[in-house]
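Observations on chain architecture
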Amino acid sequence: MLPILLAANWKMQGNEKLLHDFATYFTHTPPPEHIEVVLCVPFVYLPLAQKLFKQTTIRWGAQDVSPYQPGAYTGQISAQMLSEFVCRYVIIGHSERRALCGESDNLIAEKFKRLHELKLLPILCIGETQEQRAKGETDTVIHAQLSSIIEQVGIDAFHQAVIAYEPIWAIGTGNAAKPEDVEVVHNQIYHYLAQQNEAVAETVRVIYGGSMNENNVRSLITLPSVAGGLVGGASLKLDSFSEMIIQTNRV
Ligand code: PGA
(Lines give C-alpha, C1' and ligand atoms only; values in the text may rest on other atoms or scores of the structure.)
Protein backbone atom coordinates (compact mmCIF):
# COMPACT_ATOMS: atom_id res chain seq x y z
CA MET A 1 0.00 0.00 0.00
CA LEU A 2 1.17 3.52 -0.78
CA PRO A 3 2.11 5.61 2.26
CA ILE A 4 -0.31 8.32 3.39
CA LEU A 5 0.95 11.68 2.21
CA LEU A 6 0.79 14.72 4.47
CA ALA A 7 2.08 17.67 2.48
CA ALA A 8 2.56 21.09 4.01
CA ASN A 9 1.89 24.01 1.69
CA TRP A 10 3.47 26.99 3.38
CA LYS A 11 2.48 29.32 0.52
CA MET A 12 4.26 32.71 0.93
CA GLN A 13 4.62 32.23 4.67
CA GLY A 14 6.99 30.73 7.19
CA ASN A 15 10.63 31.62 7.77
CA GLU A 16 14.00 30.09 8.59
CA LYS A 17 13.17 29.83 12.27
CA LEU A 18 10.04 27.82 11.59
CA LEU A 19 12.02 25.47 9.38
CA HIS A 20 14.59 25.02 12.17
CA ASP A 21 11.78 24.33 14.67
CA PHE A 22 10.31 21.68 12.35
CA ALA A 23 13.77 20.13 11.90
CA THR A 24 14.37 19.95 15.66
CA TYR A 25 10.99 18.32 16.21
CA PHE A 26 11.25 15.79 13.38
CA THR A 27 14.82 14.83 14.21
CA HIS A 28 13.54 13.64 17.59
CA THR A 29 10.10 12.50 16.45
CA PRO A 30 10.26 10.90 13.01
CA PRO A 31 6.84 10.17 11.50
CA PRO A 32 5.79 6.50 11.31
CA GLU A 33 6.88 4.72 8.14
CA HIS A 34 3.44 4.60 6.54
CA ILE A 35 3.11 8.39 6.71
CA GLU A 36 5.14 10.40 4.24
CA VAL A 37 5.63 14.01 5.32
CA VAL A 38 6.56 16.65 2.74
CA LEU A 39 7.25 20.31 3.37
CA CYS A 40 6.52 22.45 0.32
CA VAL A 41 8.35 25.60 1.28
CA PRO A 42 8.97 28.83 -0.65
CA PHE A 43 11.80 28.39 -3.20
CA VAL A 44 14.31 30.41 -1.19
CA TYR A 45 14.11 27.99 1.73
CA LEU A 46 14.84 24.88 -0.35
CA PRO A 47 18.63 24.85 0.27
CA LEU A 48 18.02 25.13 4.01
CA ALA A 49 15.32 22.45 3.90
CA GLN A 50 17.72 20.15 2.08
CA LYS A 51 20.41 20.77 4.66
CA LEU A 52 18.14 20.32 7.67
CA PHE A 53 16.16 17.30 6.49
CA LYS A 54 18.60 15.28 4.40
CA GLN A 55 19.37 12.94 7.28
CA THR A 56 15.69 12.51 8.11
CA THR A 57 12.73 10.82 6.43
CA ILE A 58 11.02 14.18 5.91
CA ARG A 59 10.92 15.26 2.29
CA TRP A 60 10.81 18.78 0.95
CA GLY A 61 9.29 20.19 -2.19
CA ALA A 62 8.35 23.33 -4.09
CA GLN A 63 5.07 25.13 -4.69
CA ASP A 64 5.46 25.80 -8.39
CA VAL A 65 7.77 25.31 -11.38
CA SER A 66 8.36 27.09 -14.66
CA PRO A 67 6.58 25.63 -17.70
CA TYR A 68 9.71 26.35 -19.79
CA GLN A 69 12.99 24.61 -20.44
CA PRO A 70 15.98 26.52 -18.94
CA GLY A 71 16.54 29.79 -20.75
CA ALA A 72 15.93 33.52 -20.65
CA TYR A 73 12.91 33.58 -18.36
CA THR A 74 13.54 36.21 -15.73
CA GLY A 75 12.25 35.27 -12.30
CA GLN A 76 11.34 31.68 -13.13
CA ILE A 77 12.59 28.48 -11.48
CA SER A 78 13.19 25.42 -13.66
CA ALA A 79 12.48 21.79 -12.90
CA GLN A 80 16.26 21.21 -13.27
CA MET A 81 16.89 23.61 -10.39
CA LEU A 82 14.33 21.89 -8.20
CA SER A 83 15.92 18.59 -9.05
CA GLU A 84 19.33 19.93 -8.03
CA PHE A 85 17.90 20.63 -4.58
CA VAL A 86 16.47 17.10 -4.47
CA CYS A 87 12.84 18.12 -4.34
CA ARG A 88 10.65 15.08 -4.75
CA TYR A 89 7.26 16.75 -4.99
CA VAL A 90 6.17 19.98 -6.64
CA ILE A 91 2.73 21.55 -6.27
CA ILE A 92 1.26 22.72 -9.57
CA GLY A 93 -2.11 24.16 -10.50
CA HIS A 94 -2.93 25.57 -7.08
CA SER A 95 -6.15 27.59 -7.23
CA GLU A 96 -4.34 30.66 -5.92
CA ARG A 97 -2.03 30.56 -8.94
CA ARG A 98 -4.89 29.78 -11.31
CA ALA A 99 -6.79 32.81 -9.96
CA LEU A 100 -4.03 35.31 -9.20
CA CYS A 101 -1.63 34.49 -12.05
CA GLY A 102 -4.23 33.45 -14.61
CA GLU A 103 -2.75 29.97 -15.04
CA SER A 104 -4.62 27.84 -17.56
CA ASP A 105 -4.91 24.07 -17.79
CA ASN A 106 -2.60 24.23 -20.83
CA LEU A 107 0.10 26.01 -18.88
CA ILE A 108 -0.29 23.60 -15.97
CA ALA A 109 0.08 20.71 -18.40
CA GLU A 110 3.41 22.19 -19.56
CA LYS A 111 4.55 22.33 -15.94
CA PHE A 112 3.44 18.72 -15.50
CA LYS A 113 5.60 17.79 -18.51
CA ARG A 114 8.67 19.58 -17.15
CA LEU A 115 8.33 17.69 -13.86
CA HIS A 116 7.77 14.38 -15.58
CA GLU A 117 10.90 14.82 -17.73
CA LEU A 118 12.97 15.04 -14.55
CA LYS A 119 11.08 12.40 -12.58
CA LEU A 120 9.75 14.94 -10.09
CA LEU A 121 6.30 14.10 -8.78
CA PRO A 122 3.52 16.63 -9.27
CA ILE A 123 0.98 17.43 -6.61
CA LEU A 124 -1.63 18.56 -9.09
CA CYS A 125 -4.34 20.70 -7.50
CA ILE A 126 -7.85 20.66 -8.89
CA GLY A 127 -11.16 21.82 -7.48
CA GLU A 128 -14.32 23.78 -8.03
CA THR A 129 -15.49 27.22 -6.89
CA GLN A 130 -18.47 27.77 -4.63
CA GLU A 131 -20.50 28.92 -7.58
CA GLN A 132 -19.67 25.87 -9.67
CA ARG A 133 -20.56 23.67 -6.75
CA ALA A 134 -23.89 25.41 -6.23
CA LYS A 135 -24.69 24.79 -9.90
CA GLY A 136 -23.85 21.10 -9.52
CA GLU A 137 -20.84 21.39 -11.82
CA THR A 138 -18.18 19.86 -9.57
CA ASP A 139 -17.89 16.67 -11.60
CA THR A 140 -17.67 18.56 -14.90
CA VAL A 141 -15.01 20.94 -13.58
CA ILE A 142 -12.83 18.18 -12.14
CA HIS A 143 -13.19 16.17 -15.31
CA ALA A 144 -12.21 19.13 -17.50
CA GLN A 145 -9.19 20.00 -15.35
CA LEU A 146 -7.93 16.43 -15.53
CA SER A 147 -8.77 15.65 -19.13
CA SER A 148 -6.98 18.65 -20.62
CA ILE A 149 -3.82 17.60 -18.80
CA ILE A 150 -4.18 13.95 -19.74
CA GLU A 151 -4.64 14.99 -23.39
CA GLN A 152 -1.42 17.00 -23.34
CA VAL A 153 0.87 14.81 -21.24
CA GLY A 154 -0.70 11.36 -21.60
CA ILE A 155 -2.03 9.15 -18.83
CA ASP A 156 1.29 7.31 -18.41
CA ALA A 157 2.86 10.51 -17.02
CA PHE A 158 0.46 10.19 -14.07
CA HIS A 159 2.43 7.21 -12.75
CA GLN A 160 2.91 7.92 -9.00
CA ALA A 161 1.48 11.43 -9.36
CA VAL A 162 -0.47 13.03 -6.57
CA ILE A 163 -3.78 14.78 -7.19
CA ALA A 164 -4.95 17.20 -4.53
CA TYR A 165 -8.69 17.73 -4.57
CA GLU A 166 -9.02 21.22 -3.15
CA PRO A 167 -12.53 22.68 -3.25
CA ILE A 168 -11.74 26.37 -3.56
CA TRP A 169 -14.53 27.35 -1.18
CA ALA A 170 -12.91 25.30 1.59
CA ILE A 171 -9.38 26.73 1.31
CA GLY A 172 -8.38 28.98 4.19
CA THR A 173 -11.95 29.26 5.48
CA GLY A 174 -11.79 26.97 8.49
CA ASN A 175 -14.60 24.92 6.91
CA ALA A 176 -13.39 21.73 5.32
CA ALA A 177 -15.63 19.86 2.91
CA LYS A 178 -17.84 17.18 4.44
CA PRO A 179 -16.26 13.72 4.39
CA GLU A 180 -19.17 12.27 2.41
CA ASP A 181 -18.73 14.93 -0.29
CA VAL A 182 -14.97 14.39 -0.41
CA GLU A 183 -15.51 10.66 -0.84
CA VAL A 184 -17.76 11.22 -3.86
CA VAL A 185 -15.30 13.50 -5.68
CA HIS A 186 -12.24 11.38 -4.87
CA ASN A 187 -13.99 8.31 -6.21
CA GLN A 188 -14.86 10.21 -9.39
CA ILE A 189 -11.20 11.15 -9.81
CA TYR A 190 -10.00 7.56 -9.35
CA HIS A 191 -12.71 6.28 -11.62
CA TYR A 192 -11.82 8.74 -14.35
CA LEU A 193 -8.12 7.86 -14.18
CA ALA A 194 -8.87 4.14 -14.10
CA GLN A 195 -10.94 4.50 -17.26
CA GLN A 196 -7.81 5.79 -18.97
CA ASN A 197 -5.41 3.28 -17.47
CA GLU A 198 -6.17 1.16 -14.45
CA ALA A 199 -2.57 0.23 -13.67
CA VAL A 200 -1.52 3.88 -13.65
CA ALA A 201 -4.54 4.90 -11.56
CA GLU A 202 -3.45 2.42 -8.88
CA THR A 203 -0.18 4.31 -8.40
CA VAL A 204 -1.87 7.70 -8.01
CA ARG A 205 -2.69 9.16 -4.62
CA VAL A 206 -5.66 11.49 -4.36
CA ILE A 207 -5.29 13.73 -1.33
CA TYR A 208 -7.66 16.32 0.13
CA GLY A 209 -6.89 20.00 0.77
CA GLY A 210 -8.95 22.82 2.21
CA SER A 211 -8.96 23.72 5.91
CA MET A 212 -7.65 20.34 6.96
CA ASN A 213 -6.40 20.51 10.53
CA GLU A 214 -5.77 18.48 13.66
CA ASN A 215 -9.50 18.42 14.50
CA ASN A 216 -10.84 17.10 11.21
CA VAL A 217 -7.93 15.10 9.81
CA ARG A 218 -9.16 11.79 11.22
CA SER A 219 -12.63 12.06 9.73
CA LEU A 220 -11.09 12.68 6.30
CA ILE A 221 -8.11 10.34 6.39
CA THR A 222 -10.29 7.38 7.43
CA LEU A 223 -12.13 7.60 4.11
CA PRO A 224 -11.01 4.81 1.79
CA SER A 225 -10.53 7.24 -1.10
CA VAL A 226 -8.39 9.78 0.79
CA ALA A 227 -4.66 9.07 0.50
CA GLY A 228 -3.52 12.08 2.47
CA GLY A 229 -3.79 15.83 2.77
CA LEU A 230 -2.43 19.09 1.43
CA VAL A 231 -2.32 21.37 4.42
CA GLY A 232 -2.03 25.15 4.32
CA GLY A 233 -2.74 27.14 7.48
CA ALA A 234 -2.35 24.25 9.92
CA SER A 235 1.06 23.38 8.48
CA LEU A 236 2.49 26.68 9.67
CA LYS A 237 1.96 25.72 13.30
CA LEU A 238 4.23 22.94 14.43
CA ASP A 239 1.78 21.93 17.20
CA SER A 240 -1.09 21.56 14.75
CA PHE A 241 0.89 19.82 12.05
CA SER A 242 2.56 17.37 14.41
CA GLU A 243 -0.82 16.60 15.99
CA MET A 244 -2.17 15.88 12.50
CA ILE A 245 0.53 13.25 12.06
CA ILE A 246 -0.34 11.73 15.44
CA GLN A 247 -4.07 11.65 14.56
CA THR A 248 -3.33 10.14 11.16
CA ASN A 249 -1.28 7.41 12.79
CA ARG A 250 -4.25 6.46 14.97
CA VAL A 251 -6.44 5.71 11.99
P1 PGA B 1 -5.65 25.61 3.89
O2 PGA B 1 -4.90 25.63 2.49
O3 PGA B 1 -5.29 24.33 4.59
O4 PGA B 1 -5.14 26.82 4.61
O5 PGA B 1 -7.11 25.68 3.62
C6 PGA B 1 -4.77 24.46 1.71
C7 PGA B 1 -4.17 24.79 0.38
O8 PGA B 1 -4.49 25.86 -0.18
O9 PGA B 1 -3.35 24.03 -0.16
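Thresholds applied
- Residues numbered from 1 in each chain as written.
- Predicted model: local features only at pLDDT ≥ 70, side-chain atom pairs only at ≥ 80, totals over all residues.
- Heavy atoms only, no water.
- Helix = DSSP H or I, 4+ residues; strand = E, 2+ residues; numbered from the N terminus.
- Rg over C-alpha atoms; globule rule 2.2 N^0.38 Å.
- Buried < 20%, exposed > 50% of the residue type's maximum accessible area, 1.4 Å probe, protein only.
- Contact = heavy atoms within 4.5 Å.
- Areas by Shrake-Rupley, 256 points an atom, 1.4 Å probe, with all protein chains shown as cover.
- Lys, Arg positive; Asp, Glu negative; His and termini not counted.
- Charge placed at Lys NZ, Arg CZ, Asp CG, Glu CD.
- Near = heavy atom within 4 Å.
- Polar contact = N/O pair within 3.5 Å; in protein donor to acceptor, adjacent residues only side chain to side chain.
- Nonpolar A, V, L, I, M, F, W, Y, C, P; charged D, E, K, R; others polar.
- Core = buried A, V, L, I, M, F, W, Y, C linked by side-chain atoms within 4.5 Å.

Regarding the overall build of the protein
- Along its length, the protein carries 11 helices and eight strands.
- Against the compact-globule benchmark of 18 Å for 251 residues, the protein has a radius of gyration of 17 Å, which places it among compact chains.
- Dimensions of the protein, computed from the C-alpha atoms along their principal axes, are close to 45 × 45 × 35 Å.
- Going through the 251 residues of the protein one by one, you find that 53% of them count as buried.
- Taking the intrachain contacts of the protein between residues at least 6 apart in sequence as the baseline, contacts between residues at least 24 apart amount to 72%.
- With the model as given, the accessible surface of the protein reaches about 11500 Å², and the carbon-plus-sulfur share is 52%.
- Positive and negative side-chain charges in the protein, numbering 19 and 26 respectively, have mean positions lying 5 Å apart.

What about the site of the ligand?
- Lining the immediate environment of the ligand, one finds Asn9, Lys11, His94, Glu166, Ile171, Gly172, Gly210, Ser211, Leu230, Val231, Gly232 and Gly233.
- Here an oxygen atom of the ligand sits 2.7 Å away from a polar atom, N or O, in the main chain of Ser211.
- The separation between an oxygen atom of the ligand and a polar main-chain atom of Gly233 is 2.8 Å.
- Bound to the protein, the ligand loses 95% of the 280 Å² it would expose on its own.
- A breakdown of the residues in the shell around the ligand according to their chemical character gives three nonpolar, seven polar and two charged.

A few points about the nonpolar core
- If you look at the biggest cluster of nonpolar residues, it comprises 72 residues, and the most contacted ones within it are Leu19, Leu39, Phe53, Phe158, Ile189 and Phe241.
- Those residues in contact with Leu39 that lie beyond four places of it in its chain are Ala8, Leu19, Phe22, Phe53, Ile58, Arg59, Trp60, Gly61 and Phe241.
- Listed in part, the 14 residues of the second largest apolar core include Ile123, Cys125, Ile207 and Leu230.

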